[in-house]
Each structure stands twice: as structure tokens, then as C-alpha cells.
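What follows is the residue order along each chain.
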Amino acid sequence: MRLGRALALSLAQRGYDVMIHYNSSVAQRDDTLQELAACGVDSHALQADLSDVAAIPELLRRAKQAMPHLGVLINSASAYQHASIMQTDAALFDQQFAVNLRAPFFLTQAFARTCGQGCVINILDNKINYNQFEYAAYLLAKKSLAEFTKMAAMELAPALRVNGVAPGVVLPAETRSEAYVKWRIEGIPLKRQGETDHIAQAMHYLLENPFVTGQALVVDGGESIQHIGRHFRNYE
Ligand SMILES: NC(=O)c1ccc[n+]([C@@H]2O[C@H](COP(=O)([O-])OP(=O)(O)OC[C@H]3O[C@@H](n4cnc5c(N)ncnc54)[C@H](OP(=O)(O)O)[C@@H]3O)[C@@H](O)[C@H]2O)c1
């Protein structure tokens, strides 16, 4: 189960009706719809390739039509491509920005136009606190999404609240080895891997607290606060 599905199920467990979006994962869509139905809520699925910006207003129109009470948008879909600055060509750059920044930008705009009020949560990445150049375009898009979260919170207040959740090591990409995950955990102050429920808890907090907007809640066991830099105490 990837993160979007876990967040959808967690919302359903709290009684939210859920419209899921998918692109290519038809089997996972069907499994998720079954699990959502088992929670006793209304659920639907809509397909869209989010790199096609023209599809976004129609996606929101259909979502609102199926669920007139639509009030929350969770931007979780993501493209995650390994490539340093020197390895990135224009096509890869455009694809990473299209899915990780342009899509949530226009989804938020379409949500604001279609629904008028509610909450948006952008799923970021705790690596927005680093300059991990091995994922140059992905990370620059996520850093921009964090800035967009603040900017949208300003423009769309008071009708909409816009926040972000920045997960750390929760569901490593399937290409990651156990040794890699162990190595990451060694560098996490809380010495553990995160669970999807930790991210869901952050999402619920942001949805339920009406005095919070424009924030990015980092949920990473402290991984991204441990960069102490060089100063007199560790001077050798
Ligand atoms: N997993 C982690 O531990 C972790 C850590 C830090 C941050 N995050 C962030 O949390 C979010 C969810 O992470 P994840 O690992 O669950 O994501 P993921 O498995 O890499 O991707 C989630 C979904 O994005 C959809 N997607 C990709 N390209 C798309 C496109 N062009 N149009 C529409 N949908 C597209 C795919 O849908 P289909 O399968 O239907 O094609 C995919 O299942 C992401 O924003 C990620 O950056 C995750």
C-alpha cells in the first residue's frame, strides 16, 4: 500500500466520503475502493494523468459533481526520478515539475474555483530541508511546492486553508534495499522508520485545526533537524 491509499483509508475511517484519483494503477484502485466501501463511506475513483494540465479542471468538475460536499484536497501523487543536475535533461525536468509542482498548483486553483472553501494538504518531502542534488528536479519541485503552500495559504484565506505534510522514511521506493533503509534509520534521531499512520495523524491535525494555515509539518523522526553544520564545538 502506498501513501495515498493509506491517507484515503484513514479519512474513510474517520467518516469522510472519499474520491480517489489514480493514473495507471487499476488493480490498486479496485482494492482501495473495496476497502473504502468496507468503512461504510461513499467512495468513487477518477482517472487522470496529472502531467496533462488541461485535464485538471475537468477532474475537479467531475469530483464535485459526484460529491457535492467536496471540501478537502490531498495532493499526494508524485513522480520520483533519480537524476542529478548534470544527468537531468529538459524532458525529465519538465516531467518532474509537471507532476510535483504544476499539478498541485492547478489542482489547488481548480479546487478553490469549484468548491469555494475547504482545506488543501500538499504532501511534501522532508528532503526539502536538504540539497540532495541526486534528485535535483524532484527536490526543486517539492521545495517550490512548500513555497507554493505558503503563497496559496495567503491568497486563498480565509475561505481555504492550505498546509503541507513533509514525510521522512515511511514507504521507501521499491528499488530501495533493506541496507539502504537501515542506513537511513541510523541517521534518524528517533531511530525508527515512520509508518503511514504517522503521516495520516499529521494530515488529520491539519484538517481539524481551523487556526493553522501555510504550514509544513515535518514528520520524519527528527531526521531533518540533525544537520548541525560546522561551529566551534565541533571544530577540530
Ligand atoms: N513514500 C515515502 O516514504 C515518502 C517519503 C517522502 C515523501 N513522500 C511523498 O508522499 C507522496 C506519496 O508517496 P508515495 O511513495 O506513496 O508515492 P508514489 O508511490 O511514488 O506515487 C504515488 C502515485 O502518484 C501517481 N502518479 C505518478 N505520476 C502521475 C501522473 N503523471 N499523473 C497522475 N498520477 C501520477 C501514481 O499513480 P498510478 O499508480 O495510478 O499511476 C502513483 O501511484 C508523494 O508526494 C511523495 O513525494 C513519500
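Here the structure is shown first, and the text comes after it.
Everything numeric here is computed off the predicted structure, so don't read it as measured data.

For the rest of this paragraph, the subject is the site of the ligand. The ligand sits among 24 residues. The nearest are Arg2, Ser24, Ser25, Lys142 and Leu171. At 2.8 Å from an oxygen atom of the ligand is found a main-chain nitrogen or oxygen belonging to serine 76. Note that an oxygen atom of the ligand is positioned 2.8 Å from one of the side-chain N or O atoms of tyrosine 138. Starting from 890 Å² of accessible surface for the ligand in isolation, the protein chains cover 81%. Of all elements in the fold, only strand S1 (18-22) and helix H5 (136-156) reach the threshold of two or more residues within the shell around the ligand. In the shell around the ligand, the residues fall into 12 nonpolar, 8 polar and 4 charged.

This next bit is on the pattern of salt bridges. What the rule picks out here adds up to 8 salt bridges. Lysine 150 is the partner of glutamate 147 in a salt bridge, and the nearest nitrogen-oxygen pair spans 3.3 Å. Taken as a pair, glutamate 147 and lysine 150 lie in helix H5 at a separation of 3 residues, close to a single helical turn. Given the relative accessible area of 43%, lysine 150 is considered partly exposed.

Below, the discussion takes up the packing of aromatic side chains. In the structure shown here, the tally under the stated rule is 6 aromatic pairs. Here tyrosine 80 and tyrosine 135 contribute two aromatic rings whose centre-to-centre distance is 4.7 Å and whose plane-to-plane angle is 5°, an arrangement assigned as stacked. On the criterion of sequence distance, the pair formed by tyrosine 80 in the loop between strand S3 (72-75) and helix H4 (90-115) and tyrosine 135 in the loop between strand S4 (118-123) and H5 is long-range, its members being 55 residues apart. Given a relative accessible area of 32%, tyrosine 80 falls into the partly exposed group. Connected via pairs of aromatic rings, a cluster forms that spans Tyr80, Tyr135 and Tyr138. Just above the ring of tyrosine 180 sits the side chain of arginine 176; from NZ or CZ to the centre is 4.2 Å.

Another aspect to go through is the packing of H4 against H5. Contact geometry of H4 with H5 gives a least axis separation of 8 Å together with a crossing angle of 15°. Comparing their axes, H5 and H4 come out roughly parallel. For the pair H4 and H5, the sense of crossing is right-handed. Contacts between H4 and H5 pair Phe93, Gln96, Phe97, Asn100, Leu101, Pro104, Phe105, Thr108 and Ala112 from the former with Ala137, Tyr138, Leu140, Ala141, Lys142, Ser144, Leu145, Phe148, Ala152 and Leu156 from the latter. Taken together, the residues of the contact of H4 with H5 break down into 14 nonpolar, 4 polar and 1 charged.

A cluster of nonpolar side chains, namely Ile85, Met86 and Phe133, defines an oily patch on the protein surface of about 410 Å² accessible area. By the element assignment, isoleucine 85 lies in the loop between S3 and H4. Assessed through its relative accessible area of 59%, isoleucine 85 is described here as exposed.

Rules of the game
Residues numbered from 1 in each chain as written. Predicted model: local features only at pLDDT ≥ 70, side-chain atom pairs only at ≥ 80, totals over all residues. Heavy atoms only, no water. Near = heavy atom within 4 Å. Polar contact = N/O pair within 3.5 Å; in protein donor to acceptor, adjacent residues only side chain to side chain. Areas by Shrake-Rupley, 256 points an atom, 1.4 Å probe, with all protein chains shown as cover. Helix = DSSP H or I, 4+ residues; strand = E, 2+ residues; numbered from the N terminus. Nonpolar A, V, L, I, M, F, W, Y, C, P; charged D, E, K, R; others polar. Salt bridge = Lys/Arg side-chain N within 4 Å of Asp/Glu carboxyl O. Buried < 20%, exposed > 50% of the residue type's maximum accessible area, 1.4 Å probe, protein only. Phe/Tyr/Trp six-rings, centres within 6.5 Å; stacked < 30°, edge-to-face > 60°. Lys NZ or Arg CZ within 6 Å of the ring centre and 35° of its normal. Axes fitted to C-alpha atoms, helices over the stretch in contact; angles between N-to-C directions. Parallel < 35°, antiparallel > 145°, perpendicular 65-115°, else oblique. Left-handed = near helix turned anticlockwise from the far one by under 90°. Contact = heavy atoms within 4.5 Å. Patch = residues over 30% accessible without salt bridge, like charges linked within 9 Å, V, L, I, M, F, W, Y side chains within 5 Å.

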